Amino acid sequence: MSAISLVAGAFAAVVTAGGCCAVETYPDPARSGAAPGVPERRFIWVLEDGMNGDCDWEATADWLKENDFTDVIVRLARGGVAFYESKVVPVSPLVKEKGDILRKAVAACHRRGVKVHAWKVFWRVNMAPEDYVERLKAADRFMYGRYGTPFCGFWQTPNGERVAGAKDDYWMCPADARNQEEEIAVCRELASLGVDGVQFDYIRYNSWYGCYCPRCRAAYESRCGHAVADWPHDVDPNVRMDPLWLRMRTETITEVVRKATRAVKEANPACEVSAAVFRYPANEPVYVAQDWGAWCREGIVDFVCPMTYTTDLEALRDQLVQQMRVASVSPRTKVYPSVGVDRTGKPQMDAAKTREHADLVRWAGFPGLCYYRLTTPSGKVINESIKIKSK
């Protein structure tokens, strides 16, 4: 009989057989991770209004420096809205009230030696102004669900409407050239405004079904060489997995990543390109068309941040092992797994558990890690976790 346990901050495999106990202790997490002499790279995500929700970027930057963070990933654009003076998409009312968030964040962080990465959410327009949403709807630029209409939430009723109580949450169709051009133009604009990096988020489909719009149907029929008798039933993965359909979705997202990366580098060759990605590299091409393992092997992006937000240490270990398999064959792309401290505005782990998770990432040999996300409560937890001495 065997079991896996964490003992005194080290990862230990305990094997018991015939009344004997042999313990194999792996390297101390606190002494693993970045190569000797190479400082750990430490990232954290934060929303546009800063850690205290008041757009005080001086206070946020102070916290980052005090806690030895090398990089911060700031949400600066979503589908159809920017938190800076954009010339591409509508500007959030927050900018009129509080000023250009990008310029405030960059100025405050750079004075303290912290790099700023612009967090760009692709496709999802749930924070865009209503007139923008209506314009896209009129131009038929949204993703279609199973019922022949643009869907405005994860679940739909058979008449194509959102489920009762669900908020309007439209997604642009990733395969629509107009949507690709606009999203890539935002990335190009961000790179030209003094940030150190641009991070692609939601760079995927929102589920393993869709988009079933007329354009996507025509593209599929062109590739498969015949008309589809029952659309979208014949390609719906809840009915049957269609390899060509899944491959087309994955190709769409990967090509957008290539184009967006190229646009960023043309605007600012020194600007890093990264992506926030789902946890399981082997599964995500099927579920959300996010083949980030291939992006790493090809070296399309400079680094990825897998969203390993679990509170379960064994689940984290499993995810890290799978991610390390990608990192080990990706010489040009770094992998920085994350510690999910705060997903809802309230910390889901205390300081001790946060440190335990961070140390497990270090044990796995990654050159750094990323925390999600910085708020006033999570800032206290992370600060306390950093102060804990390794056992």
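Above this note sits the structure.
Figured I'd write up the structure that's included with this text. None of the values given here were measured: they were computed from a predicted structure.

## Points about the overall build of the chain
Part 1 of the reasoning: Helix and strand counts for the chain stand at twelve helices and 13 strands.
Part 2 of the reasoning: Taking all 391 residues of the chain together, 54% fall into the buried category.
Part 3 of the reasoning: Partitioning the contacts of the chain with sequence separation of at least 6, the portion at a separation of at least 24 is 73%.
Part 4 of the reasoning: With an accessible surface of roughly 16,900 Å², the chain has 52% of that area assigned to carbon and sulfur atoms.

## Some details on the pattern of salt bridges
Part 1 of the reasoning: Tallying each qualifying case throughout the model produces 27 salt bridges.
Part 2 of the reasoning: For the salt bridge of Asp359 with Arg362, the shortest nitrogen-to-oxygen distance reads 2.8 Å. A residue pair is termed a helical-turn pair when its members lie 3 or 4 positions apart in one helix, as Asp359 and Arg362 do in helix α11 (residues 351–363) at three residues.
Part 3 of the reasoning: Taking relative accessible area as the criterion, Asp359 reaches 10% and is therefore assigned buried.
Part 4 of the reasoning: A single network of salt bridges, built from pairs that share partners, joins Glu40, Arg42, Arg355, Asp359 and Arg362.

## Focus: the packing of α11 against helix α12 (residues 376–387)
Helix packing for two helices is described by the angle between their axes and how far apart those axes are.
Part 1 of the reasoning: Between α11 and α12, the least distance of the axes is 8 Å, while the angle of their chain directions is 65°. The handedness of the crossing between α11 and α12 is right-handed. Within the contact between the two elements, α11 uses Ala351, Thr354 and Arg355 and α12 uses Val381, Glu384, Ser385 and Ile386.
Part 2 of the reasoning: Residue classes in the contact of α11 with α12 are distributed as three nonpolar, two polar and two charged.

## Section: the packing of aromatic side chains
Part 1 of the reasoning: Inspection of the entire model under this criterion finds 19 aromatic pairs.
Part 2 of the reasoning: Ring geometry for Trp208 and Tyr287: centres 5.6 Å apart, planes at 40°, overall tilted. With Trp208 in the loop between β8 (197–201) and α6 (214–224) and Tyr287 in helix α8 (residues 284–287), this pair connects stretches of sequence that are 79 residues apart.
Part 3 of the reasoning: Residue Tyr287 is classed as partly exposed on the basis of its relative accessible area of 42%.
Part 4 of the reasoning: Joined through ring pairs, the aromatic side chains of Trp45, Trp119, Tyr309 and Tyr372 make up one cluster.
Part 5 of the reasoning: The side chain of Arg42 reaches across the aromatic face of Phe69, ending 5.7 Å from its centre.
Part 6 of the reasoning: Stacked on the ring of Phe122, the Lys or Arg Lys120 has its end atom at 5.2 Å from the ring centre.

## Considerations on the nonpolar core
Part 1 of the reasoning: Counting 115 residues, the largest nonpolar core has Trp45, Phe200 and Ile203 as the members making the most contacts within it.
Part 2 of the reasoning: If you tally residues by element for this core, the top one is helix α7 (residues 243–267), at nine residues.
Part 3 of the reasoning: With sequence-adjacent residues up to four places away left out, Phe200 is seen in contact with Lys120, Phe122, Cys187, Val257, Ala260, Thr261, Val273, Ser274, Ala275 and Ala276.

## Regarding the pairing of strand β13 (residues 368–372)
Part 1 of the reasoning: With five of five residues buried, β13 is to be regarded as a mostly interior element.
Part 2 of the reasoning: Side chains Gly368, Cys370 and Tyr372 project from β13 onto one buried face, and the interleaved Leu369 and Tyr371 project onto a second face that is buried too.
Part 3 of the reasoning: In the sheet, strand β4 (residues 41–46) pairs with β13 via four bridges, with the strands oriented parallel. Each bridged residue has a counterpart across the sheet, and for Ile44 the counterpart in β13 is Tyr371.
Part 4 of the reasoning: Relative to β13, strand β12 (residues 338–340) runs parallel, the two sharing three bridges.

## Overview of unusual backbone geometry
Part 1 of the reasoning: A cis geometry characterises the amide bond from Trp231 onward to Pro232, with omega recorded as 0°.
Part 2 of the reasoning: With an omega of -20°, the peptide bond between Tyr372 and Arg373 qualifies as cis.
Part 3 of the reasoning: Among the secondary structure elements, Arg373 is positioned in the loop between β13 and α12.
Part 4 of the reasoning: Positive phi, normally seen in glycine, also occurs at Cys55, with a value near 65°.
Part 5 of the reasoning: Along the polypeptide, Cys55 turns up in the loop between β4 and α1 (57–66).
Part 6 of the reasoning: Here Asp68, not a glycine, exhibits a phi torsion of approximately 60°, which is positive.
Part 7 of the reasoning: Within the element layout of this structure, Asp68 appears in the loop between α1 and β5 (71–78).
Part 8 of the reasoning: By relative accessible area, which is 53% here, Asp68 ends up exposed.

How each quantity is defined
Residues numbered from 1 in each chain as written. Predicted model: local features only at pLDDT ≥ 70, side-chain atom pairs only at ≥ 80, totals over all residues. Heavy atoms only, no water. Helix = DSSP H or I, 4+ residues; strand = E, 2+ residues; numbered from the N terminus. Buried < 20%, exposed > 50% of the residue type's maximum accessible area, 1.4 Å probe, protein only. Contact = heavy atoms within 4.5 Å. Areas by Shrake-Rupley, 256 points an atom, 1.4 Å probe, with all protein chains shown as cover. Salt bridge = Lys/Arg side-chain N within 4 Å of Asp/Glu carboxyl O. Axes fitted to C-alpha atoms, helices over the stretch in contact; angles between N-to-C directions. Left-handed = near helix turned anticlockwise from the far one by under 90°. Nonpolar A, V, L, I, M, F, W, Y, C, P; charged D, E, K, R; others polar. Phe/Tyr/Trp six-rings, centres within 6.5 Å; stacked < 30°, edge-to-face > 60°. Lys NZ or Arg CZ within 6 Å of the ring centre and 35° of its normal. Core = buried A, V, L, I, M, F, W, Y, C linked by side-chain atoms within 4.5 Å. Pairing = 2+ DSSP bridges.

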